[in-house]
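Report on the structure
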2 protein chains.
Amino acid sequence: MTVGLWVNVKLLADLGERMAIQRIAEVLTKGTASSGIGDDCAAIDMGKEYLLVTTDMMYQQTHIPVQMTPFQMGWFLVAINLSDIAAKGGTPLGLVLSFGLPKETSEVFLTQLASGADACAVANGTTIVGGDTKETAEITLCGSAFGTVKKDEFMSRVGTCPGDVVAVTGTLGKAGAGYYALKRHVAENVLSKALLEPTPNLRQGRVLAQQKVITSSMDLSDGLSASLYQLQELNNVGFEIKKSAVPLALQSFELLEKNYRFDPYELALHFGGDYELLVTLPAGRFDAVHNVMAQHGFELTAIGKVTRKKDILLLDGKGKQVLENKGYEHFKKRNF
Amino acid sequence: MTVGLWVNVKLLADLGERMAIQRIAEVLTKGTASSGIGDDCAAIDMGKEYLLVTTDMMYQQTHIPVQMTPFQMGWFLVAINLSDIAAKGGTPLGLVLSFGLPKETSEVFLTQLASGADACAVANGTTIVGGDTKETAEITLCGSAFGTVKKDEFMSRVGTCPGDVVAVTGTLGKAGAGYYALKRHVAENVLSKALLEPTPNLRQGRVLAQQKVITSSMDLSDGLSASLYQLQELNNVGFEIKKSAVPLALQSFELLEKNYRFDPYELALHFGGDYELLVTLPAGRFDAVHNVMAQHGFELTAIGKVTRKKDILLLDGKGKQVLENKGYEHFKKRNF
């Protein structure tokens, strides 16, 4: 009977991505001049400013749909990294990219990949400043974006209090609709583009940051429910989300399916990939911030409030129910 | 006959890593405030200082010997990134790491990996400030280090002129000896450690940078011959290297094999992985810089000179011969 020896061997498949990051954080020496593990970006003290640094990896089997073009892979890699800078209110300084590519990769693939990365960087006022290429069996792309933000404009994930308003930029479910459009072969480019060529909300992040009233902020890469669960843990609070207030990507849903039979809230609440910003702010400040955002042409929608009770509840016509955490988490199976 | 259509399809296996980077660089928009593609780090203008940023990727099949422990993988990932900061004369601010790991990876592997990364960072006066974990089929590790250097202390790869002295820190061939020790099952930890746990020369880089006379600098990750060919191309110069002046890692060679029958210069000139610094400086300044380095306990050895003629020549008892470029280049087969 040697089975006992193996009982305590935990695998990443058991831990899941967030617990894995927790384990790593426990091992690491805490720097005196930095904060950031568990946040979208690391924030390094540079005097008046923080240097923001983030990294994101994309891997062929788990993150790259077969329909994604090399241009879109490059765009996506840059977009997801810049989205982390956006969520902290930062202005990007540049990106470095590592391309792990099979040796059978064509030169055209390589230049399209670089073009897509370049296009997304330039569209967002920044550039690719360096990188690395390596031979790998499957496409593995890694990016690191860096930027700056004034200390008093930095939007952390931590800092919200009961009573704050919960708000999101834009509309939710666009990426989810894009995912189903690809699955159902719905030939609407605008749908798949929302999934494959997301837009980092850098300008929205800057406008929000300049108001200096945001008490917590993160991007919605993992979906609304998963993001709320992360904020809950970091801030030791709960949330009440009003289902009818969640801004749905109605145009996308109609393009996907006239008189859609799927539940649009499933996509809006759980799918992720929209790269909108999720923020909290004092209730008394919401209207003013909403108006400034509107003046800049940006939507900001209040969807609920921060509560002392630790539950995350969804309020609909039938009453309150616990909002399930159905977001995507790596290493664990996708339960959507 | 459709064969003609395919004649011009170049694959990365044909291009090699450096040509691939060249193709990428051609596609990218040049930022106004940055320099760096083709250098060890990107250097971003931050007023009085440059922000240095670099990225490096390690992949199981091509970069991770089976004997490497998870701790050593973490150490190595941090060391190779910090070595790029060292080569520019920089002081590190921190690193972000992305771990692409199979879902069967054990928790112990993960914490050992993080511990190794942390140990190397802390040993070099810095910390891991953030990261990402993703599920991949094979271990793929990506790091990005960032740091700062005063503008007048920045050591570029570009700037050397004919007449300059070529010099290297430390001794060469340690990593090569470590490689053969592993291959031949020579149980000397000090040998394999040189290969698997290299030391970034951050302090050496700082002392050199402070002298403000270094005309070009890079690390020797790719080996001396490959590095000289890179400097040749960037600076449009040639080199004459005096074979007998190349500082050999004699202790390592003796540990590997008493009365060694291998050619130690093959390892010292071509193997790479030593992470020593290769610099050029005006001939009249060498002695002073050498002495300052010695005061700090660091070796700096003149091994040749920069020439107007574009050849890279090796001078030995028999005369001059072209120094072959045998360094390791990804995508192309290793020709060592």
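Residues numbered from 1 in each chain as written. Chains lettered and ligands numbered in written order. Predicted model: local features only at pLDDT ≥ 70, side-chain atom pairs only at ≥ 80, totals over all residues.

Attention now moves to the sheet that holds strand E12 (residues 312-316) of chain B. Pairing between the strands of a sheet comes from backbone hydrogen bonds, and it takes one of two forms, parallel or antiparallel. Residue and element names in this part refer to chain B. With respect to topology, 7 strands assemble into an open sheet ordered E8-E10-E7-E11-E9-E12-E13, the strand pairing being mixed. A single partner strand is all that each edge strand has here, and the edge strands are strand E8 (216-219) and strand E13 (319-322). Strand-to-strand twist of the sheet, defined as the mean angle between neighbouring strand axes without regard to direction, takes the value 25°. Those strands touched by helix H3 (residues 70-87) are E8 and strand E10 (277-281), and its axis lies near 170° from that of E8. Of the strands in this sheet, strand E7 (165-169), E10 and strand E11 (300-307) touch helix H11 (residues 286-295), which is tilted by about 155° from E11. (Pairing = 2+ DSSP bridges. Helix = DSSP H or I, 4+ residues; strand = E, 2+ residues; numbered from the N terminus. Axes fitted to C-alpha atoms, helices over the stretch in contact; angles between N-to-C directions. Contact = placed C-beta atoms within 7 Å.)

Turning our attention to the pairing of strand E5 (residues 128-135) of chain B. Residues and elements named next belong to chain B. Most of E5 is tucked away, with 8 of its 8 residues classed as buried. In the sheet, strand E4 (residues 91-101) pairs with E5 via 7 bridges, with the strands oriented parallel. Along E5, the bridge assignment pairs Ser 98 with Asp 132. This β-α-β element, E4 to helix H4 (residues 107-123) to E5, shows right-handed connectivity. (Buried ≥ 20, exposed ≤ 12 C-beta atoms within 10 Å, placed from the backbone. Right-handed = clockwise from strand over helix to strand, strands pointing away.)

The next thing to look at is the interface of chain B and chain A. Contacts between chain B and chain A engage 65 residues on the former and 65 residues on the latter. Contributing elements (two or more residues each) for the side of chain B that touches chain A: helix H1 (12-27), strand E2 (42-45), strand E3 (49-59), helix H2 (60-63), E4, H4, E5 and strand E6 (140-150) of chain B. It is H1(B) that contributes the most residues to the side of chain B that touches chain A, 9 residues altogether.

Residues and elements named next belong to chain A. An order of E8-E10-E7-E11-E9-E12-E13 is seen for the 7 strands of this open sheet, with the pairing classed as mixed. This sheet does not close on itself; its edge strands, each paired only once, are strand E8 (216-219) and strand E13 (319-322). When strand polarity is set aside, the average angle formed by the axes of neighbouring strands in this sheet is 25°. When strand E7 (residues 165-169) meets strand E10 (residues 277-281), the two strands line up antiparallel, connected through 4 bridges.

To continue, consider the nonpolar core. Ranked by size, the top nonpolar core spans 200 residues in total, and within it A:Val53, A:Ala117, B:Val53 and B:Ala117 carry the most contacts. Not counting residues within four places of it along the chain, the set of residues in contact with A:Val53 comprises A:Cys41, A:Ala42, A:Ile44, A:Ser144, A:Phe146, B:Val96, B:Val129, B:Gly130 and B:Phe146. (Core = buried A, V, L, I, M, F, W, Y, C linked by C-beta atoms within 7 Å.)

Before going further, it helps to examine the relation of the copies chain B and chain A. Mapping chain B onto chain A leaves a residual RMSD of 0.0 Å; the transformation is a rotation of 180° accompanied by 0.0 Å of translation along its axis. Seen this way, the second copy is the image of the first under a two-fold rotation axis. Same-surface contact between copies: 100% of interface residues of chain B are shared with the interface of chain A. (Least-squares fit on C-alpha atoms with pLDDT ≥ 70 in both.)

Turning next to the environment of B:Gly297. Its place among the elements puts B:Gly297 in the loop between H11 and E11. With 93 residues separating them in the primary sequence, B:Gly297 and B:Gln204 have C-alpha atoms 9.2 Å apart.

By the secondary structure assignment, A:Pro247 is in the loop between strand E9 (238-242) and helix H9 (250-256). Those residues in contact with A:Pro247 that lie beyond four places of it in its chain are A:Val168, A:Thr171, A:Leu172, A:Glu299 and A:Thr301.

Attention shifts here to the domain arrangement of chain A. All names here are of chain A. Per the domain assignment, the segments of chain A are domain 1 (12-152) and domain 2 (155-322). Taking only C-alpha atoms, the centre of domain 1 and the centre of domain 2 are 22 Å apart. In this complex, domain 1 contributes 24 residues to the contact, which on the side of domain 2 involves 25 residues. Of all elements in the fold, only helix H3 (70-87) and strand E4 (91-101) reach the threshold of two or more residues within the side of domain 1 that touches domain 2. (Domains from an automatic or database assignment.)

A few words now on helix H4 (residues 107-123) of chain A. The end-to-end C-alpha separation of H4(A) is 24 Å, in line with the 24 Å expected for 17 residues at 1.5 Å each. When H4(A) is considered as a whole, its buried residues turn out to be A:Leu110, A:Leu113, A:Ala114, A:Gly116, A:Ala117, A:Asp118, A:Cys120 and A:Ala121. In this structure, the buried residues of H4(A) make contact with H3, E4 and strand E5 (128-135) of chain A together with H1 of chain B. (Expected span 1.5 Å × (residues − 1).)

This paragraph deals with helix H5 (residues 174-183) of chain B. Residues and elements named next belong to chain B. Counting buried positions over the 10 residues of H5 gives 7, a clear majority of the element. Among the residues making up H5, those that are buried are Lys 174, Ala 175, Gly 176, Ala 177, Gly 178, Tyr 179 and Ala 181. Elements in contact with the buried residues of H5: helix H6 (189-196), helix H9 (250-256) and helix H10 (264-271). Looking at the residues trailing H5, positive phi occurs at His 185, about 60°.

Turning to the packing of H5(B) against H6(B), a few remarks are in order. All names here are of chain B. For the pair H5 and H6, the least separation of the axes is 7 Å and the interaxial angle reads 120°. In terms of orientation, H5 lies oblique with respect to H6. The two elements H5 and H6 meet at a crossing, and its hand is left-handed. In this structure, H5 uses Lys 174, Ala 175, Ala 177, Gly 178, Tyr 179, Ala 181 and Leu 182 to contact H6, whose residues at the interface are Leu 191, Ser 192, Ala 194, Leu 195 and Leu 196. Tallied by class, the residues present in the contact of H5 with H6 amount to 9 nonpolar, 2 polar and 1 charged. (Parallel < 35°, antiparallel > 145°, perpendicular 65-115°, else oblique. Left-handed = near helix turned anticlockwise from the far one by under 90°. Nonpolar A, V, L, I, M, F, W, Y, C, P; charged D, E, K, R; others polar.)

Attention shifts here to the environment of A:Ile312. All names here are of chain A. Topologically, Ile 312 is positioned in strand E12 (residues 312-316). The spacing of Ile 312 and Phe 239 is 73 residues in sequence and 4.6 Å in space, taken between C-alpha atoms. Once residues within four sequence positions are removed from consideration, Ile 312 is found in contact with Leu 228, Tyr 229, Gln 232, Gly 238, Phe 239, Val 322 and Leu 323.

Looking now at the confidence of the model for chain A. All names here are of chain A. Chain-level pLDDT for chain A is 90 on average; 93% of the residues reach the 70-or-more range. For the stretch residues 1-6, pLDDT sits under 50, and the model shows 0 contacts to residues farther than four places along the chain or on other chains. Throughout residues 330-336 the model reports pLDDT below 50, and contacts reaching past four residues in sequence, or to other chains, amount to 21 contacts. Listed scores for the predicted complex are pTM 0.91 and ipTM 0.87. (pLDDT = per-residue confidence, 0-100.)

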